[in-house]
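Spelled out, the chains give:
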Amino acid sequence: MVQPLNSPSLFLCLFAQTQILSAQAALPTFEEQWRPRFHISQSNTWMNDPNGLVFFDGEYHLFYQNNPHGNRWGHMSWAHSVSRDLVNWVPLPLAIAETNGVMIFSGSAVVDWKNTSGFGINGRPPLVAVYTGHHTNRPLQNQRIAYSNDRGRSWIQYAGNPVLDLGEADFRDPKVFWHPTSARWIMAVAWPQKRMIRLYSSQNLKSWTHLSDFGPAGSTTGIWECPDLFPLSVEGNSKNSKWVLVVNVGTGAHAGGSGTQYFIGTFDGIRFVTDPNSPPVATPESIPSGSLLADFEDSNYAGWTATGDAFGTTPARGTSPGQQTVDGFHGAGLANSFRGADTAQGTLVSPAFQVDRNYLNFMIGGGRQPDTAGVRLLIDNHAVRSATGNNSEHLTWHSWDLRNLRGKTARIEIFDQAVGGWVHINADHFLLSDAIAHSPSEAALWADFGADFYAAVSWSDIPSKDGRRLWIGWMSNWIYANDVPTAPWRSALSVPRELTLRSTLSGLRLFQQPVRELHSLRAQRHHLGQASTPAASEWLRRYSFRNGLAEIHIEFEQVPDSGTLTLSLRHGTSQVTQVQAHLDRHQLSLDRSLSGRHDFHPNFAAVHSAPISPRNGRLQLRILVDVSSLEIFAQDGETELTDLILPATSDLRFDLSASGSATAARVHSLTLWPLRVARLHPSPSPP
């Protein structure tokens, strides 16, 4: 029977079919521009820190910070994926969701083999998640637990939460592990603003006793987050091991912004102590004597003239409402133009003064916006010197050379002439002197020298017959993470990596390599033996990678002490990412300034560098290239550089060149693999 077109049932049927087709059209295809092909990303939402890494019943569990309602940070909950091989991942339903005004911040998960918590049933050990509850209606973070008796498929939040509460606004990211020697659980948890890691113990995961504190140490410019603490054998010798304490920092990392540092030492079940001379030597802050023009410690601006509303009528007392933590300044006051959620504009101008010293030193932080926010030196109302921030709320020393201006009359102008994210300026302690002021240099060991490796933590409960220490990090940077122009998702994780400790000329260091399971993604192998650099480059140009996925291993021999070796990754005809070994500077750099799109943030187009030295005249690089990322493992994993790139096309080619004395270097071996796409699509849960 043919129904007329005005039939209500036919209309409803057509409407339903239209809705289904619209929904299908809106589903992510996992083929969007810049969508990673072998790195984990969310289908259409935001992700950041990896959480709750645990191996249980043949599965690697990976939880991660997720906003289930959008592709920018917010509504933090734990999303969940599992894998049997660390390569192909199956997403599961949201594990632990934000509820009752409490976001689910970072943490860890363990198998409670002895059922110390009492959560297990039927003789089976429960999985227990230990995480931070972040209260959205008051400044409070505390530690909470949840448990699962169905292999992590569903979670019950403990009725006695929180299990650890100091009443602190910033106290987060618990990493828990079983310590066999003392037969108890140990928790390492970050005390961010104090740049400390607190250690606690427990017999049952519910009641915790304070043991000791570590820090401040290493890099302290940024807040401390996402700790990890684990033993690691030296040179693979199980009878000789050290403890590694991982501390992720929110700002001030080697490449700018967020990054991952580590310490090597001992842990006796109570306290962690670094090995003597483990990190490089730090230098203290140096402030010369001179004439102090302003320190903003008074209740007013003491003769400075304010216009507009950016600086108000009185100096700020540290952090303004809604602003990330401001630190590094001297005393209690500073000039801070973050007012009204970074919408205020205006200037702050000093009284006139005579330039009678060689240098003007001052502290500066805030946005890197040279045209719209910064500090200027004015002579006859013309700017003769200028400075801006570096997209960090941490203030550092800056100096102007005034030797050719001595005898002139000048004024200082602090200005903020725009609105929007990071368009503000912090300034303090203007000092005329005959010497330059220096900020303290930090003694830190960095796990990765690129801009996009953060919040790295390791898996617990890897079987002893495997014995590896495996970890994974968030592949982004808090400087620009919310602005990276991907859609409908935002952010991805690094590949899983295996960690080892090895001896170097500088002492024990952390080495990393991509997990061996990733070899399964390799397609046809292309290999070149010994060759000159020009011959190797000609060989490389034979191969192109239309999907942008590749792995390249290159080892140089007869490497001299000077000159530059350059491996170029070319996307299309105009975009290039350069990996360069600057042999005279013992430096490896990754230059993404011409690699593709970077207009969304001024800090994205940059060159990131790492220390590197040839060994016995040899230099080795291993690089994994995905559609929107590079991970470099140099010198057998001693040095890592991880960076995002956003090329216009996935069409990828390589070439090789040398300059200066480096033309004498030869290629010992060169191997290429096209890489297959990992199975990252939504699919039914494994049994």
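Before reading further, recall that the structure is shown in the block above.
Okay, so let's go over this structure. (Residues numbered from 1 in each chain as written. Predicted model: local features only at pLDDT ≥ 70, side-chain atom pairs only at ≥ 80, totals over all residues. Heavy atoms only, no water.)

**Side note on the overall build of the chain**
The line we're drawing: The helix count covers DSSP runs of H or I at least four residues long, the strand count covers runs of E at least two residues long, and both are numbered beginning at the N terminus. We compute the radius of gyration over the C-alpha atoms and compare it with the globule rule, which gives 2.2 Å times the number of residues raised to the power 0.38. Any residue under 20% of the maximum accessible area for its type is buried, any over 50% is exposed, and the rest in between are partly exposed; the area is computed with a 1.4 Å probe on protein chains only. Working rule for contacts: check all heavy atoms of both residues, and any pair within 4.5 Å makes them a contact. Charge convention: Lys and Arg are scored as positive, Asp and Glu as negative, and His as well as the terminal groups of each chain are ignored. Positions of charges follow a simple convention, taking NZ of Lys, CZ of Arg, CG of Asp or CD of Glu.
Of regular secondary structure, the chain possesses two helices and 44 strands. At 27 Å, the chain has a C-alpha radius of gyration in line with the 26 Å of a compact globule built from 687 residues. In terms of overall dimensions, the chain has C-alpha extents of about 90 × 75 × 65 Å along its principal axes. Across the 687 residues of the chain, 57% fall into the buried class. Of the contacts made within the chain by residues no fewer than 6 positions apart, 66% connect residues no fewer than 24 positions apart. Of the side-chain charges in the chain, 54 are positive and 59 negative, and the distance between the mean point of each set is 5 Å.

**Thoughts on the pattern of salt bridges**
When charged atoms on two side chains of opposite charge get close, those side chains can pair. Going by this rule: One speaks of a salt bridge when a side-chain nitrogen belonging to Lys or Arg is within 4 Å of a carboxyl oxygen belonging to Asp or Glu.
Counted by the stated rule, this structure contains 29 salt bridges. Across the pair D213 and R198 runs a salt bridge, and its minimum N-O distance is 2.8 Å. Of this pair, D213 sits in strand β12 (residues 209-214) while R198 sits in strand β11 (residues 196-202); the two residues are 15 residues apart in sequence, bridging distant segments of the chain. What makes D213 partly exposed here is its relative accessible area of 32%. When the shortest N-O distance is used, the salt bridge between R522 and E551 registers 2.8 Å. Of the two residues, R522 sits in the loop between β32 (507-514) and β33 (526-528) while E551 sits in strand β35 (residues 550-557), which places them 29 residues apart along the sequence. Members of the salt-bridge network, linked through shared partners, are D57, E59, R84, R151 and R153.

**So, the environment of I264**
You can see I264 is positioned in strand β15 (residues 259-267). Taking the relative accessible area as the measure of exposure, I264 reaches 1% and is therefore buried. A sequence separation of 88 residues divides I264 from A352, and the C-alpha atoms of the two residues are 52 Å apart. Those residues in contact with I264 that lie beyond four places of it in its chain are K242, W243, F272, T274, D275, S278, L501, L508 and R509.

**Re the packing of aromatic side chains**
Keep this limit in mind: Pairing of aromatic side chains requires ring centres within 6.5 Å, counting the rings of Phe and Tyr and the six-membered ring of Trp. Pairs whose planes differ by under 30 degrees are stacked, by over 60 edge-to-face, and all others tilted.
Counted by the stated rule, this structure contains 35 aromatic pairs. Measuring from ring centre to ring centre gives 5.7 Å for W304 and F430, while their planes differ by 45°; the resulting arrangement is tilted. Of this pair, W304 sits in the loop between β17 (290-294) and β18 (305-308) while F430 sits in strand β27 (residues 425-433), and the two are 126 residues apart along the sequence. Under the relative-accessibility criterion, F430 is labelled buried at 0%. Site record: aromatic cluster; members linked through ring pairs are F296, Y301, W304, F362, W400 and F430.

**Side note on the sheet that holds β11**
So the rule is basically this: Strands pair, by our definition, only if DSSP identifies at least two bridges between them. Whenever a helix is involved, its axis is fitted only over the stretch in contact; in every case the axis is a line through C-alpha atoms, and angles between N-to-C directions fall within 0 to 180 degrees.
Read from one edge to the other, the open sheet built from four strands follows the order β9-β10-β11-β12, with strand pairing classed as antiparallel. The open sheet terminates on both sides in strands that have one partner only, identified here as β9 (172-179) and β12. Here the average twist between neighbouring strands, direction ignored, is 25°. The sheet contact formed by β9 and strand β10 (residues 184-191) spans six bridges and is antiparallel.

**What to know about the sheet that holds strand β6 (residues 127-135)**
Taken in spatial order, the four strands of this open sheet run β5-β6-β7-β8, and their pairing is antiparallel. Of all the strands in the sheet, just β5 (102-111) and β8 (156-157) have a single pairing partner and so form its edges. Sheet analysis places β6 next to strand β7 (residues 140-148), joined by nine bridges and oriented antiparallel. Across the sheet, A129 pairs through a bridge with A146, a residue of β7.

**Some remarks on helix α2 (residues 533-540)**
Counted only if it meets this: Note that the arc is computed from the directions linking the helix axis to the C-beta atoms. Pairing of N or O atoms within 3.5 Å defines a polar contact, subject to two protein rules: one partner must be a possible hydrogen donor and the other a possible acceptor, and residues neighboring in sequence count only if both atoms are side-chain atoms.
Buried within α2 are the following residues: T533, A536, S537, W539 and L540. Looking down the long axis of α2, one finds its buried residues gathered within 160° of arc, a one-sided arrangement. More than 90 degrees from the buried face of α2, the exposed residues found are P534 and E538. Looking at the buried positions of α2, the neighbouring elements they touch are β33, β34 (531-532), β35, β36 (564-571), β43 (652-659) and β44 (666-674). For α2, the capping residue at the N-terminal end is S532, with a side-chain oxygen 3.2 Å from the backbone nitrogen of A535.

**Some details on the environment of N149**
Its location among the elements puts N149 in the loop between β7 and β8. The contact partners of N149, leaving out residues within four places of it in the chain, are F119, G120, I121, R124 and P126. Of note is the side chain of N149, whose polar atom sits 2.9 Å from the backbone oxygen of F119.

**Points about unusual backbone geometry**
Excluding glycine, a negative phi dihedral is what most residues carry, and trans is how most peptide bonds are arranged. P162 follows N161 through a cis peptide bond whose omega is -5°. Along the chain, P162 turns up in the loop between β8 and β9. A positive phi angle, close to 55°, is found at H429, a residue other than glycine. When you line up the elements, H429 lands in strand β27.

**Quick word on the pairing of strand β42 (residues 639-644)**
Within β42, six of the six residues are buried, which leaves the element mostly enclosed by the surrounding structure. Of the pairings in the sheet, the one linking strand β41 (residues 629-634) to β42 comprises six bridges and is antiparallel in character. Bridge pairing in β42 links F633 to E640. In sequence, β41 turns back onto β42 through a hairpin of four residues, with Q635 there showing a positive phi of about 50°.

**Some remarks on the environment of G617**
Within the secondary structure layout, G617 lies in the loop between β39 (607-611) and β40 (619-626). Sequence separation between G617 and E225 is 392 residues, and the spatial gap between their C-alpha atoms is 39 Å. The residues contacting G617, other than those within four sequence positions of it, are F556, E557, Q558 and V559.

**Section: the nonpolar core**
Our working rule: Remark: nonpolar core denotes a set of buried residues (Ala, Val, Leu, Ile, Met, Phe, Trp, Tyr, Cys) joined through side-chain atoms within 4.5 Å.
Counting 60 residues, the largest nonpolar core has F272, L540, L567, V579, L588, F654 and L670 as the members making the most contacts within it. If sequence neighbours within four positions are ignored, L540 has contacts with I552, L567, F654, D655, L656, L670 and L672. F105, W459, L521 and W673 belong to the second largest nonpolar core, which has 39 residues in total.

Geometry only, nothing functional implied.
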